[in-house]
Amino acid sequence: MIGIGDWGLGIRLAIRNSNPESPIPNPNEHHLMAIYLPERTPSAVEMLTPREVVAELDKHVVGQAKAKRAVAIALRDRLRRQKLPADIAEEITPKNILMIGPTGVGKTEIARRLAKLTQSPFIKVEASKFTEVGYVGRDVESMVRDLVEIAVEMVRQERAEEVEEKARQAAEERLLDLLLPPSRAPMPGEEAAMREQSSRTRERFREQLHGGRLDGRIVEIDAQPSTAMPHFELIAGTSMEEIGANLKDMMGTMFQGGRPKTRRMKVPEALEYLAGEEQQKLVDMESVGRTALQRVEQFGIIFVDEIDKIASRGDGAGAHGPDVSREGVQRDILPIVEGTTVNTKHGIVKTDHILFIAAGAFHVSKPSDLIPELQGRFPIRVELDALTRDDFVRILTEPKSALIKQYTALMSTEDIELRFSDAAVGRIADFAVRVNDTTENIGARRLHTVMERLLDEVSFDGPDLGEKTIIIDEAYVDRMLADIVKNEDLSRYIL
């Protein structure tokens, strides 16, 4: 049995010995021709079954079992595809997901946690931020370019970690060269003795450096600017803000290149700076770019939020007004979801196998108001449930980053111990549900505003309190929140 990691290794070796643009010359090993896998695949996720993926998501998101099942299956299908022969693998497209549900129920969090679990390049974009081609604003292809930049930084950090020890050793040698006093020229016959003395002195300084006895010393470092030629790339469809950023980088390189700048810094800071320089020398950015492009094409995830905001209202008004631009954005998004090529400064990206997860509340419009072609590209539709009082109680206590755990940890930095009774937690959930019912329903985000109001006094007076153990019981919650919740007009502004 060959695992995904073994396949990635086989393909990686083949790519090194051949041109990635041409077929790999081994007709007997069809699976090596399937896909150019990233050089580093998430080995921990390869063994996760859909049930285990859901269990991992349960640690961070309460409820929404149907949505978790859908993303777990989509993730497993991507791994299954990697094991197929080339002719079949290229035909299998991702099963894009459309999440439908009110705000604050966990749509974004599910996608974000899934990306973190798989170590995949992930970006969240707002559909309402894009404009149709020809209008001022961001074009839809920028989401792919931004995803590539995220992947490049991910791969660069991985490569930097691999060479970190070697870079630190080189930085230490450079720092010792700066710290050691200059030696006089050796007289005839003194070369061996002076080399030995210099070596002893260097080792003595090295021991002092490791022991922290040189941390207070100041050294001067010549910071070398980039010697690369100014790089400017104008891609069709590039927005004005991206052109401006490119121009700024290019002009800065032109007018500052070639002039080293002397910086004075303490030894620990100098060591970190020099280690960063050595890492940059050891990391091959061309290889990083290639790997990032492969990773985006095979494992990229784009989360398109607020997709309902670009849907026509479905009331006959779609032929004029803002709905024209909305449909234009849908038409621009369609080829990217279907599969197209996007030019980036690191190379061309094919979007055929990027997983798209779209989400929207669809209060005013409905999924059928999207253009039919775009609807067909999101075959899996999941409706997320509105949160109940019991869900709020679980959100406050169960996840790894539960709100009560967060506030308890924050106040522990002031040596204050917060203790929440079960009745108090239930009371907080009651108040959050009541405010959501009487004002705007913003889901679990309401708990943030309720908790901030609840702990307002403790947060402000905490450093001056003599009693460092605070009991949050039902009476405390009523005292802090009851009057505001009763006054509906006041709760609209405070909660």
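This structure is a prediction, so every number in the text was calculated from the model and none was measured.

Notes on the sheet that holds strand S2 (residues 122-126)
- With parallel pairing, the five strands of this open sheet are ordered in space as S2-S5-S8-S1-S9. The open sheet is flanked by S2 and strand S9 (380-383), the only strands paired with a single partner. Pairwise comparison of adjacent strand axes, ignoring direction, gives a mean angle of 20 degrees for this sheet.
- Note that S2 and strand S5 (residues 301-305) share five bridges and pair parallel. Considered in S5, the bridge of Lys-124 is made with Phe-303.
- Those strands touched by helix H7 (residues 142-162) are S2, S5 and strand S8 (355-360), and its axis lies near 150 degrees from that of S2.

So, the pattern of salt bridges
- Within the structure shown, the criterion is met by 32 salt bridges.
- Arg-174 serves as the salt-bridge partner of Glu-277, at 3.1 Å between the closest nitrogen and oxygen. One end of the pair, Glu-277, is in helix H11 (residues 267-282); the other, Arg-174, is in helix H8 (residues 164-179), with 103 residues separating them in the sequence.
- The buried category is assigned to Glu-277, whose relative accessible area is 14%.
- We note a salt bridge from Lys-281 to Glu-278, for which the minimum N-O separation is 3.4 Å. Taken together, the positions of Lys-281 and Glu-278, both in helix H11 and three residues apart, correspond to about one turn of that helix.
- Of the residues examined, Lys-281 reaches a relative accessible area of 58% and is grouped as exposed.

Points about the nonpolar core
- Residues Met-99, Ile-357, Phe-420, Ile-428, Met-451, Leu-454 and Ile-472 are the most contacted members of the largest nonpolar core, which totals 58 residues.
- Leave out the neighbours within four places in its chain, and Phe-420 touches Ile-404, Thr-408, Val-425, Ile-428, Met-451, Leu-454, Leu-455 and Ile-472.

Considerations on the packing of aromatic side chains
- Scanning the entire structure with this criterion turns up zero aromatic pairs.
- Geometry around Tyr-476 places Arg-479 over its ring, the cationic atom sitting 5.0 Å from the centre.

Some details on the confidence of the model for the chain
- Across the chain, the average pLDDT comes to 79, with 76% of residues at 70 or higher.
- Put simply, helix H1 (residues 4-16) is where the chain has its lowest mean pLDDT, 36, and helix H15 (residues 389-397) is where it has its highest, 93.
- Residue range residues 1-43 is modelled with pLDDT below 50. Its contacts to residues more than four positions away, or to other chains, number 65 contacts.
- Here residues 227-237 scores under 50 on pLDDT; set against residues more than four positions off or in separate chains, the count is 21 contacts.

A few points about the packing of H15 against helix H16 (residues 403-412)
- At a minimum axis separation of 4 Å, H15 and H16 run at an interaxial angle of 35 degrees. The segment H15 lies against H16, with Ile-395, Leu-396 and Thr-397 engaging Leu-403, Ile-404 and Lys-405.
- Residues belonging to the contact of H15 with H16 are distributed by class as follows: four nonpolar, one polar and one charged.

Examining the side chain of Asp-139
- With respect to the element layout, Asp-139 can be found in the loop between S2 and H7.
- The exposure class assigned to Asp-139 is buried, which follows from its relative accessible area of 11%.
- In this structure the side chain of Asp-139 is engaged in a polar contact, spanning 3.3 Å, whose partner is the side chain of Arg-145.

Quick notes on helix H3 (residues 50-58)
- Residues Val-53, Val-54 and Leu-57 constitute the buried set of H3. For H3, the angular spread of buried residues about the axis comes to 100 degrees, placing them on one side.
- Along its buried surface, H3 packs onto helix H4 (65-82) and helix H6 (107-118).

Some remarks on a negative patch on the surface
- There is a patch of like negative charges on the surface, built from Glu-161, Glu-162, Glu-164 and Glu-165.
- Broken down by secondary-structure element, the contributors of at least two residues to the negative patch are H7 and H8.
- Of note, Glu-162 is situated in helix H7.

Examining unusual backbone geometry
- Even without a glycine there, the phi angle at Gln-64 is positive, about 55 degrees.
- Residue position: Gln-64 is located in the loop between H3 and H4.
- Taking the relative accessible area as the measure of exposure, Gln-64 reaches 7% and is therefore buried.
- Here the phi dihedral of Phe-362 falls at roughly 55 degrees; this positive angle occurs in a residue that is not glycine.
- For Phe-362, the position within the fold is in the loop between S8 and helix H14 (372-376).
- Relative accessible area serves as the criterion here: at 9%, Phe-362 is assigned to the buried category.

Description of the pairing of strand S7 (residues 347-350)
- Pairing between strand S6 (residues 341-344) and S7: four bridges, direction antiparallel. Pairing of Thr-344 across the sheet is with Gly-347, part of S7.
- Two successive antiparallel strands, S6 and S7, enclose a turn made up of two residues.

Reading the values: the criteria
- Residues numbered from 1 in each chain as written.
- Predicted model: local features only at pLDDT ≥ 70, side-chain atom pairs only at ≥ 80, totals over all residues.
- Heavy atoms only, no water.
- Pairing = 2+ DSSP bridges.
- Helix = DSSP H or I, 4+ residues; strand = E, 2+ residues; numbered from the N terminus.
- Axes fitted to C-alpha atoms, helices over the stretch in contact; angles between N-to-C directions.
- Contact = heavy atoms within 4.5 Å.
- Salt bridge = Lys/Arg side-chain N within 4 Å of Asp/Glu carboxyl O.
- Buried < 20%, exposed > 50% of the residue type's maximum accessible area, 1.4 Å probe, protein only.
- Core = buried A, V, L, I, M, F, W, Y, C linked by side-chain atoms within 4.5 Å.
- Phe/Tyr/Trp six-rings, centres within 6.5 Å; stacked < 30°, edge-to-face > 60°.
- Lys NZ or Arg CZ within 6 Å of the ring centre and 35° of its normal.
- pLDDT = per-residue confidence, 0-100.
- Nonpolar A, V, L, I, M, F, W, Y, C, P; charged D, E, K, R; others polar.
- Polar contact = N/O pair within 3.5 Å; in protein donor to acceptor, adjacent residues only side chain to side chain.
- Arc of directions from axis to C-beta.
- Patch = residues over 30% accessible without salt bridge, like charges linked within 9 Å, V, L, I, M, F, W, Y side chains within 5 Å.
- Areas by Shrake-Rupley, 256 points an atom, 1.4 Å probe, with all protein chains shown as cover.
- Lys, Arg positive; Asp, Glu negative; His and termini not counted.
- Charge placed at Lys NZ, Arg CZ, Asp CG, Glu CD.

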